[in-house]
2 protein chains.
Amino acid sequence: MALIVQKYGGTSVGTVDRIKNVARRVARYKAQGHQLVVVVSAMSGETNRLLGLAREITPEPDPRELDVVAATGEQVTIGLLAIALNQIGVKARSYTGGQVRILTDSAFTKARILAIDEANMRRDLDDGNVIVVAGFQGVDDEGNITTLGRGGSDTTGVALAAALTADECQIFTDVDGVYTTDPRVVPEARRLDKITFEEMLEMASLGSKVLQIRSVEFAGKYKVKLRVLSSFEEEEGPGTLITFEEEVDMEQAIISGIAFSRDEAKISVMGVPDKPGIAYAILGPIAAANIDVDMIVQNIGAGGMTDFSFTVNRSEYQKTLNVVNAERGAGLAAKDILGDNKIAKVSLVGIGMRSHVGIASRMFKALADEGINIQMISTSEIKTSVVIDEKYLELAVRVLHKVFELDKEPSVLA
Amino acid sequence: MALIVQKYGGTSVGTVDRIKNVARRVARYKAQGHQLVVVVSAMSGETNRLLGLAREITPEPDPRELDVVAATGEQVTIGLLAIALNQIGVKARSYTGGQVRILTDSAFTKARILAIDEANMRRDLDDGNVIVVAGFQGVDDEGNITTLGRGGSDTTGVALAAALTADECQIFTDVDGVYTTDPRVVPEARRLDKITFEEMLEMASLGSKVLQIRSVEFAGKYKVKLRVLSSFEEEEGPGTLITFEEEVDMEQAIISGIAFSRDEAKISVMGVPDKPGIAYAILGPIAAANIDVDMIVQNIGAGGMTDFSFTVNRSEYQKTLNVVNAERGAGLAAKDILGDNKIAKVSLVGIGMRSHVGIASRMFKALADEGINIQMISTSEIKTSVVIDEKYLELAVRVLHKVFELDKEPSVLA
């Protein structure tokens, strides 16, 4: 008997019939003797409908109240799934984030989980119940409803698995695992049987849609065994297991996959004084405005001046520009402030990169051969990312998938 | 400066534009210096949509989980109204029933309010906020979400007014007050400037749609000044004030109004032993099944036998029949069990009835003149009710409205 946390996303619970399917799947696991905690998202389209109502009133709704509205999406799903489970004879009890109590900070619309009280769930599990928990939401220490931001239901699943020291956290989604890249862009993309946490972290943070980054961070931090599975197959396959093993064996590919993201925008602050503290002067107020900065590039200074570029999520492009322009108005010396929100990021990810040289140059050559200009470069031990013009995105991904032979079973590349 | 509780029903908040209208109305009261607590229902149609989803899964959803689903309707509205208020510069904070904390018993789908914690609302009111509270919902002492049953938002409004000792509880609805009867049935129906609590209680319990019965009970118990107003007029009129005065002055009409209800069903248990305890033997199990019984009539016994009839809400007709049949199976001696769910109830209501005789006989004659057979009769100090065939309902109401001259301004009838 294992304690399993399962998470079902919006498309998996998108209709009443699909919710009944999920109930039957949960019942199968329960019949095998497992204890089950099931985390669900809002029915697909519901979160957008709710946010749409709020934005009909004003484009910038009060964030506390927006969370009150948005949190209802998952609440409907937990009630419906619990009804469906009880109806087929599986005892089930639903929990909102506040009822669990999933304690978060008070950063409305993008809150972070601080603690999970698992006492009530344990009691109900021990009474033979399936626990159905609303993803994506929590409460702060004043009892205000918070949401974790889009996709946050994965994080809820992993955090619950960690709090309950579950044997496995299964993320059911509309794909049957993690692929070398998005099969919609590259039909030859191949499902990976396993991938390391580090790679998955890079894949997620770089825009792979399968899992949300924060959930992978959580999983790594608390050593939660994570598996991605399809909820659309009658009998699920093995999916992709996300592992802690980091040794590169002979069969380990150098590159595991290619991640990409369109949700990017670039800001360049040109001609700022090349002196200590300049990065903080520029990025401090951006962090204070709760904007996540991704890539940061500072050119070598010349004549005491330097250029400073960084990327943010495209949805925060205008807000970021406003902050930087306000800084400039408040005394930041800068010749010019440039922005571009028609960019994309493409990244090679692979634990094997550590022990192989020349990966980056092969990547740059492949892109150059197609006439694709590289605007920014960022590297880490296991990934190499480039920012390019958005219009070349698909071409770049296809070319790199081919050059690094990701359509083939792993073997050591020279 | 007064503390006012306002309640807006589903049609008043049925669209984003109407929610904005409510926000502007609330802002007007706020600008006059009042403190405001605003209770809202789900957007019209939303509760039915949610219950429909649950019933797509099973006709009899688990009640605890049904409440989890249903409670989201009001939660969406409180968030949207708070967003609309903040957007026009009126500081507002939303509260779910659990956040207030409106403590109820655990009778899911028809819970009763036990206590209201007003500390948080007071603090936010004193900070200059408008408080927006979800009607129709609460939490039990284990933190489970409960709902008060359909129309329960009125009760929430009155209960909050009582807890906060508000100066007035204003119920905004789609009519501009309480009428002598439903104007859709009798176009000559007249708006009453005021009506006593006792009359209102009878009007509500007998099926007038303006206010929900439990809210009127609450208002009477806690002496809450209640006013019914229209939310569809730009500048609201005086509405109908519900008063505590019970003296009948010369201008007081004998009959204030005619209430009626189609939501009735009749059960007759024929030929039961005429002995002590028989009423309890029949009605005890029905009360235990949480079914509300309305009228009860027991005929004079003959030959040691008697017939026993009662009415229940039509939605509980089948359930009630099942209970009675089960009783019979378990030993209740009865010759026959008859049921009829095509009945209606019509009631004359008036505080003036107390000091006037002959009202009932005038009523019966008027109905007899139209060939309408009376199936059951029930009287109290201030009302006389009859059960008739449903198909005569409109005719009966029109005839009685005319005979008792309710279309004319009050004067003493002989």
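Treat the numbers as computed from the prediction; the structure is a model and nothing was measured.

Asks: An account of the overall build of chain A is needed here, citing residue identities and associated values.
Replies: Secondary structure summary: chain A contains 13 helices and 20 strands in total. In terms of overall dimensions, chain A is globule-like: its C-alpha atoms have a radius of gyration of 23 Å, near the 22 Å expected for 414 residues. Overall, the C-alpha framework of chain A stretches about 75 × 55 × 35 Å when taken along its three principal axes. The burial tally for chain A puts 48% of its 414 residues in the buried class. Sequence-distant contacts in chain A: of pairs separated by 6 or more residues, those separated by 24 or more amount to 75%.

Asks: Now, about the packing of helix α12 (residues 359-369) of chain B against helix α13 (residues 393-403) of chain B: what can you tell me, with residues and values included?
Replies: Residue and element names in this part refer to chain B. One can describe the packing of α12 onto α13 by two numbers: an axis separation of 10 Å at closest approach and a directional angle of 130°. Classified by the angle between their axes, α12 and α13 sit oblique to one another. Judged by the sense of rotation from one axis to the other, the crossing of α12 with α13 is right-handed. Across the interface between the two elements, Arg362, Met363, Ala366 and Leu367 from α12 touch Ala396, Val399, Leu400 and Val403 from α13.

Asks: Please provide a residue-by-residue account of the interface of chain B and chain A, values included.
Replies: On the chain A side, the residues contacting the 28 residues of chain B number 28 residues. The dominant element in the side of chain B that touches chain A, judged by the number of residues it contributes, is helix α4 (residues 72-87) of chain B, at 11 residues. Of the residues that constitute the side of chain B that touches chain A, the class distribution is 15 nonpolar, 9 polar and 4 charged.

Asks: Explain α13 of chain B to me, using residue names and the numbers behind them.
Replies: Residue and element names in this part refer to chain B. Looking only at α13, the buried set comprises Ala396, Val397, Val399, Leu400 and His401. Against the buried residues of α13 lie β15 (257-273), β18 (336-349), α12 and β20 (383-389). Of the residues trailing α13, Glu405 is marked for its positive phi of about 55°.

Asks: An account of the domain arrangement of chain A is requested, with residue identities and associated values reported.
Replies: When cut into domains, chain A gives domain 1 (3-174) and domain 2 (258-403). Measuring from the centre of the C-alpha atoms in domain 1 of chain A to the corresponding centre in domain 2 of chain A gives 35 Å.

Asks: I'd like a rundown of the relation of the copies chain B and chain A, residues and numbers included.
Replies: The operation relating chain B to chain A is a screw motion whose rotation component is 180°, with 0.0 Å of axial translation and a residual RMSD of 0.1 Å. The symmetry that links the two subunits is that of a two-fold axis. Across chain B, the rotation axis passes nearest the C-alpha of Thr72 of chain B, at a separation of 2.7 Å. Most of the interface of chain B is mirrored in chain A, where 100% of its interface residues again form contacts.

Asks: Could you give me a rundown of the nonpolar core, with the residues and numbers involved?
Replies: Most often, soluble globular proteins keep nonpolar side chains buried together rather than apart. Formed by 240 residues in total, the largest nonpolar core has its most connected members in Val38, Leu81 and Val132 of chain A together with Val38, Leu81 and Val132 of chain B. When neighbours within four sequence positions are excluded, Leu81 of chain B is seen to be in contact with Val13, Ile19, Val22, Ala23, Val38, Val40 and Val132 of chain B.

Asks: Please give an account of the pairing of strand β17 (residues 305-313) of chain A that cites residues and values.
Replies: Residue and element names in this part refer to chain A. The pairing of strand β15 (residues 257-273) with β17 spans 8 bridges and is classified as antiparallel. Residue pairing for β17: Pro273 is matched across the bridge by Met305. Of the strand pairs in this sheet, strand β16 (residues 293-298) and β17 are connected by 4 bridges, and their pairing is antiparallel. Bridging from a neighbouring strand, Gln298 pairs with Phe308 of β17.

Asks: Talk me through the environment of Val272 of chain B; I want residue IDs and the actual numbers.
Replies: Residues and elements named next belong to chain B. Structurally, Val272 is set in strand β15. C-alpha of Val272 to C-alpha of Gly304: the two residues are 32 residues apart in sequence and 8.5 Å apart in space. Discounting residues that sit within four places of it in the chain, Val272 has contacts with Ile278, Met305, Thr306, Phe308, Ala333 and Ala334.

Asks: Can you lay out the sheet that holds strand β2 (residues 35-40) of chain A for me, pointing to particular residues and giving the numbers?
Replies: All names here are of chain A. Across the sheet, which stays open at both edges, the 8 strands sit in the order β3-β6-β2-β1-β9-β13-β14-β12 with mixed pairing between neighbours. In this open sheet, the two strands that pair with only one neighbour each are β3 (92-95) and β12 (194-196). Ignoring which end each strand starts from, the neighbouring axes of this sheet average 20° apart.

Asks: Give me the lowdown on the environment of Val210 of chain A, citing residues and values where you can.
Replies: Residue and element names in this part refer to chain A. Mapped onto the elements of the fold, Val210 is located in the loop between α8 (197-205) and α9 (213-221). Val210 sits 34 residues away from Asp176 along the chain, and the two C-alpha atoms are 9.7 Å apart. Not counting residues within four places of it along the chain, the set of residues in contact with Val210 comprises Thr173, Val175, Val178 and Val228.

Asks: Quick one: what's the story with helix α2 (residues 46-57) of chain B, residue by residue and with numbers?
Replies: Residues spaced three or four apart along an α-helix point in a common direction, a consequence of the helix completing one turn every 3.6 residues. Residue and element names in this part refer to chain B. In this model α2 runs 17 Å from its N-terminal to its C-terminal C-alpha over 12 residues, within 8% of the 16 Å that 1.5 Å per residue would give. Looking at α2, one finds that the buried residues are Thr47, Leu50, Leu53, Ala54 and Ile57. Here the buried residues of α2 occupy an arc of 125° about the axis, which is enough to place them on one side. Opposite the packed face of α2, turned more than 90 degrees from it, sit the exposed residues Arg49 and Gly52.

Asks: Tell me about the packing of helix α1 (residues 16-31) of chain B against α4 of chain B, residues and numbers included.
Replies: Packed helices, taken two at a time, are described by the angle between their axes plus the distance between the axes. Residues and elements named next belong to chain B. Contact pair α1 / α4: the axes reach a minimum separation of 9 Å and the direction vectors enclose 55°. Our classification of the angle between α1 and α4 gives oblique. In the packing of α1 onto α4, the handedness of the crossing is right-handed. Side by side, α1 and α4 meet where Ile19, Lys20, Val22, Ala23 and Val26 of the first sit next to Leu80, Leu81, Ala84 and Leu85 of the second. When the residues that make up the contact of α1 with α4 are grouped by side-chain class, the tally is 8 nonpolar, no polar and 1 charged.

Asks: An account of unusual backbone geometry is needed here, citing residue identities and associated values.
Replies: In this structure, the amide linkage connecting Val100 of chain A to the following residue, Arg101 of chain A, adopts the cis form with an omega of -5°. For Glu405 of chain A, which is not glycine, the phi torsion reads 55° and is therefore positive.

Asks: Residues and numbers for the sheet that holds β16 of chain A, please.
Replies: Residues and elements named next belong to chain A. Strand order in the open sheet formed by 6 strands is β16-β17-β15-β18-β20-β19, with antiparallel pairing between adjacent strands. Looking at strand neighbours, the two that pair on one side only are β16 and β19 (374-380), the edges of this open sheet. Sheet twist, expressed as the mean angle between neighbouring strand axes with direction ignored, is 30°. Here β15 pairs with strand β18 (residues 336-349) via 11 bridges, running antiparallel. By the bridge assignment for β18, Met270 is matched with Asp336. Sheet strands touched by helix α11 (residues 317-329): β15, β17 and β18. Its angle to β18, the strand with the most contacts, is close to 135°.

Calculation notes
Residues numbered from 1 in each chain as written. Chains lettered and ligands numbered in written order. Predicted model: local features only at pLDDT ≥ 70, side-chain atom pairs only at ≥ 80, totals over all residues. Helix = DSSP H or I, 4+ residues; strand = E, 2+ residues; numbered from the N terminus. Rg over C-alpha atoms; globule rule 2.2 N^0.38 Å. Buried ≥ 20, exposed ≤ 12 C-beta atoms within 10 Å, placed from the backbone. Contact = placed C-beta atoms within 7 Å. Axes fitted to C-alpha atoms, helices over the stretch in contact; angles between N-to-C directions. Parallel < 35°, antiparallel > 145°, perpendicular 65-115°, else oblique. Left-handed = near helix turned anticlockwise from the far one by under 90°. Nonpolar A, V, L, I, M, F, W, Y, C, P; charged D, E, K, R; others polar. Domains from an automatic or database assignment. Least-squares fit on C-alpha atoms with pLDDT ≥ 70 in both. Core = buried A, V, L, I, M, F, W, Y, C linked by C-beta atoms within 7 Å. Pairing = 2+ DSSP bridges. Expected span 1.5 Å × (residues − 1). Arc of directions from axis to C-beta.

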